[in-house]
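# Architecture and fold: a report
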Amino acid sequence: MSQHFDAIIIGTGQAGPSLAARFAAAGMAVAIIERDKFGGTCVNTGCTPTKTLVASAYAAHVARRGGEYGFVVNGDVRVDIKRAKARKDEIVERTSRGVEEGLRALKNCRVIQGHARFQSPSAVVVNDEVLEADKVFINVGGRASIPAIKGIHDAPFFTNSSMMDVDFLPQHLVIVGGSYVGLEFAQIFRRFGSEVTIVEMAPRLIGREDEDVSEAVREIMEIEGIQIRRSATCISLAKRESLIAVGVECVEAPPEVLGTHLLLAVGRTPNTNDLGLDLAGVATDESGYIIVDDQLQTNVPGIWALGDCNGRGAFTHTAYNDYEIVADNLLNADHRRVSDRIQTYALFTDPPLGRCGMTDAEIRKSGRPALVAKRPMSQVTRAVEKGETHGFIKISVDAETKQILGAAILGTGGDEVIHVLLDIMYAKAPYTVVQRAMHIHPTVAEYLPTVLSKLEAFA
Ligand SMILES: Cc1cc2nc3c(=O)[nH]c(=O)nc-3n(C[C@H](O)[C@H](O)[C@H](O)COP(=O)(O)OP(=O)(O)OC[C@H]3O[C@@H](n4cnc5c(N)ncnc54)[C@H](O)[C@@H]3O)c2cc1C
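Sheet strands associate in pairs through backbone hydrogen bonding, adopting either a parallel or an antiparallel arrangement. Strand order in the open sheet made by the three strands is 11-12-13, with antiparallel pairing throughout. Every interior strand has two partners, whereas the edge strands, strand 11 (236-240) and strand 13 (256-259), have only one. Taken pair by pair, the neighbouring strands of this sheet meet at an average axis angle of 25 degrees, ignoring direction. Of the pairings in the sheet, the one linking strand 12 (residues 243-247) to strand 13 comprises four bridges and is antiparallel in character. Residue pairing for strand 13: Ile 244 is matched across the bridge by Gly 259.

Turning next to the pairing of strand 21 (residues 404-410). Where burial is concerned, most of strand 21 is hidden: seven out of the seven residues are buried. Here five bridges tie strand 18 (residues 353-357) to strand 21, and the two strands are oriented antiparallel to one another. Bridge pairing links Leu 353 to Leu 410 in strand 21. The loop that links strand 20 (residues 392-398) with its antiparallel partner strand 21 comprises five residues; one of these, Lys 402, has a positive phi angle of about 65 degrees.

Following the criterion strictly, the structure yields six aromatic pairs and no others. Geometrically, the ring pair formed by Phe 23 and Phe 137 is tilted, given 5.1 Å between the ring centres and 50 degrees between the ring planes. Here the residue Phe 23 occupies a position in helix 1 (residues 16-25), and Phe 137 occupies one in strand 6 (residues 129-138), the gap between them amounting to 114 residues. The class of Phe 23 is buried, set by a relative accessible area of 0%. By way of ring pairs, the aromatic residues Phe 23, Phe 137 and Trp 304 are connected into one cluster. One Lys or Arg, Arg 208, reaches over the ring of Tyr 345 and ends 5.6 Å from the middle of that ring. Over the aromatic face of Phe 392 sits the side chain of Lys 374, whose NZ or CZ is 4.2 Å from the ring centroid.

Of all residues adjacent to the ligand, which total 38 residues, the nearest are Gln 14, Glu 34, Thr 41, Asn 139 and Asp 308. Interatomic distance of 2.5 Å between a side-chain N/O atom of Thr 41 and an oxygen atom of the ligand. The side chain of Asn 139 places a nitrogen or oxygen atom 2.8 Å from an oxygen atom of the ligand. Protein contact buries 94% of the 1000 Å² of open area that the ligand shows by itself. Elements represented by at least two residues in the shell around the ligand include exactly strand 2 (30-34), helix 2 (40-44), helix 3 (47-64) and helix 9 (316-331).

This paragraph deals with the state of the cysteines. For the structure on display, the rule yields one disulfide. Covalently, Cys 42 is tied to Cys 47 through a disulfide, its sulfur atoms 2.2 Å apart. Here the disulfide of Cys 42 and Cys 47 is left-handed, its torsion about the S-S bond being about -135 degrees. A residue is classified by how much of its surface remains accessible, and Cys 42, at 12% relative accessible area, is buried. The class for Cys 47 is partly exposed, based on a relative accessible area of 28%. Cys 109 forms no disulfide, and the closest cysteine sulfur to it belongs to Cys 309, at a distance of 18 Å.

Spatially, six strands are ordered 17-18-21-20-19-22 in an open sheet, and the strand pairing comes out antiparallel. Among the strands making up the open sheet, the edge pair consists of strand 17 (344-347) and strand 22 (456-457). Along the sheet face, helix 12 (residues 414-426) touches strand 17, strand 18, strand 20 and strand 21 and points at about 175 degrees away from the line of strand 21.

To continue, consider the nonpolar core. Membership of the largest hydrophobic core comes to 49 residues, with the highest contact counts inside it found for Ile 8, Ile 10, Leu 19, Ile 33, Phe 118, Phe 137 and Ile 138. In this structure, Leu 19 is in contact with Ile 9, Phe 137, Leu 306, Tyr 323, Val 326 and Ala 327, ignoring residues within four places of it in sequence. Ranked by size, the runner-up nonpolar core spans 39 residues in total, among them Ala 84, Ala 186, Val 213 and Leu 263.

What follows covers the environment of Tyr 431. Looking at the element boundaries, Tyr 431 is found in the loop between helix 12 and helix 13 (432-435). Between the C-alpha atoms of Tyr 431 and Gly 247, which are 184 residues apart in sequence, the distance is 48 Å. When residues no more than four places from it in sequence are discounted, the contact partners of Tyr 431 are Val 397, Lys 402, Ile 404, Leu 452 and Leu 455.

About the thresholds
- Residues numbered from 1 in each chain as written.
- Predicted model: local features only at pLDDT ≥ 70, side-chain atom pairs only at ≥ 80, totals over all residues.
- Heavy atoms only, no water.
- Pairing = 2+ DSSP bridges.
- Helix = DSSP H or I, 4+ residues; strand = E, 2+ residues; numbered from the N terminus.
- Axes fitted to C-alpha atoms, helices over the stretch in contact; angles between N-to-C directions.
- Buried < 20%, exposed > 50% of the residue type's maximum accessible area, 1.4 Å probe, protein only.
- Phe/Tyr/Trp six-rings, centres within 6.5 Å; stacked < 30°, edge-to-face > 60°.
- Lys NZ or Arg CZ within 6 Å of the ring centre and 35° of its normal.
- Near = heavy atom within 4 Å.
- Polar contact = N/O pair within 3.5 Å; in protein donor to acceptor, adjacent residues only side chain to side chain.
- Areas by Shrake-Rupley, 256 points an atom, 1.4 Å probe, with all protein chains shown as cover.
- Disulfide = S-S within 2.5 Å.
- Contact = heavy atoms within 4.5 Å.
- Core = buried A, V, L, I, M, F, W, Y, C linked by side-chain atoms within 4.5 Å.

See below:
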């Protein structure tokens, strides 16, 4: 016996729950399946817990700089990691519970806990029960990649998921991977009091970013005492009594970094290997990402893939935007497309990096006639007043159409201020709209018109 639904949703990450709510409200019979914690990566092991820990680390950092701000802290500022973790756990559990309770409160929606696998294009098995539906939506997300590096089975390591259980201070945390996830954890644990070393294979950190961004982030990390080993071309792992050795070069006697604990932060793998996609005939690429069209339909009619598992985005906001695209297209006969969205994201170090549009390399490759302007945060009044002057604002525009091509705001408030530029890009308005706008003083955003008045030829 199988039960029939209008829609089956696999996964309760950043697209599934909202989709279930919209479908259920439209009178559709929905089943949503979750094999682990409600809310998925972002809520349980990604955005929410890391940003909660970033907040604890920031508070400790500011307290340590008390003298600069004119107050006295009696004794050392020491982070009680058990309490920082408890704060994090409380926020995570509340959010995850909210997702579960929200789903269970929906009329027309059955919530099932278990691992879902396709049996055919329209049938999914969970806990030995067969569910059938006209439409199936895959929102299975991803997990930390475990690379096949030498010694991987010999040394214990953490991933972003298992780091969530750490309630002690690692004496020396070695982080393999100097990109978004690795950098956030590096600064968190350095500020908590650990010695931290980042080992990065590439010649620079966050290699997808502009070189000046990578360089400025490296400086920010090093000022705080984080060790960085770049161009680690041949990473290997070994256990040395109570320590973990991370080999960082391919030479005869490989220099090593010795640490007490190891975090692997080297990318993500989609959760598509145990979904029975072959039985449904759903095509994936060579990395396991489900291939979708501009409206997020797979090659099989009636099956859609949303969020990290489709390889069209790696963020909560891209997963949520996937939900909006699918729901509006199906329920409102809209024509929303993935290609209509503009690249944007943040790196939540302190200071954060807010990004939108093209990188310098992408602008160069596009061949568009570009102008660029840059201003250090040390010349932004609000940053000076706050005592947070690291970083810069950089904006590139098209010299002919006057449209903003891309921007990087590495500095205090950069993750918020970037939206001014992003929304102008969505409006397809010229940069002169921002240039002539009157902004509030003293804010970081008030400098956007000033920066845009100093555009020069793009090198
Ligand atoms: C450390 C870290 C920090 C991050 N910080 C940010 C940030 O600050 N901002 C941001 O935008 N993004 C951030 N991200 C990325 C963000 O977490 C993901 O992009 C987002 O969670 C993707 O959502 P999703 O819906 O695609 O999948 P997920 O959130 O991964 O959810 C997928 C769900 O599907 C379930 N599932 C999988 N397979 C099955 C199955 N077969 N049957 C039933 N259920 C299944 C999983 O258990 C999971 O609950 C971060 C990621 C990490 C790792």
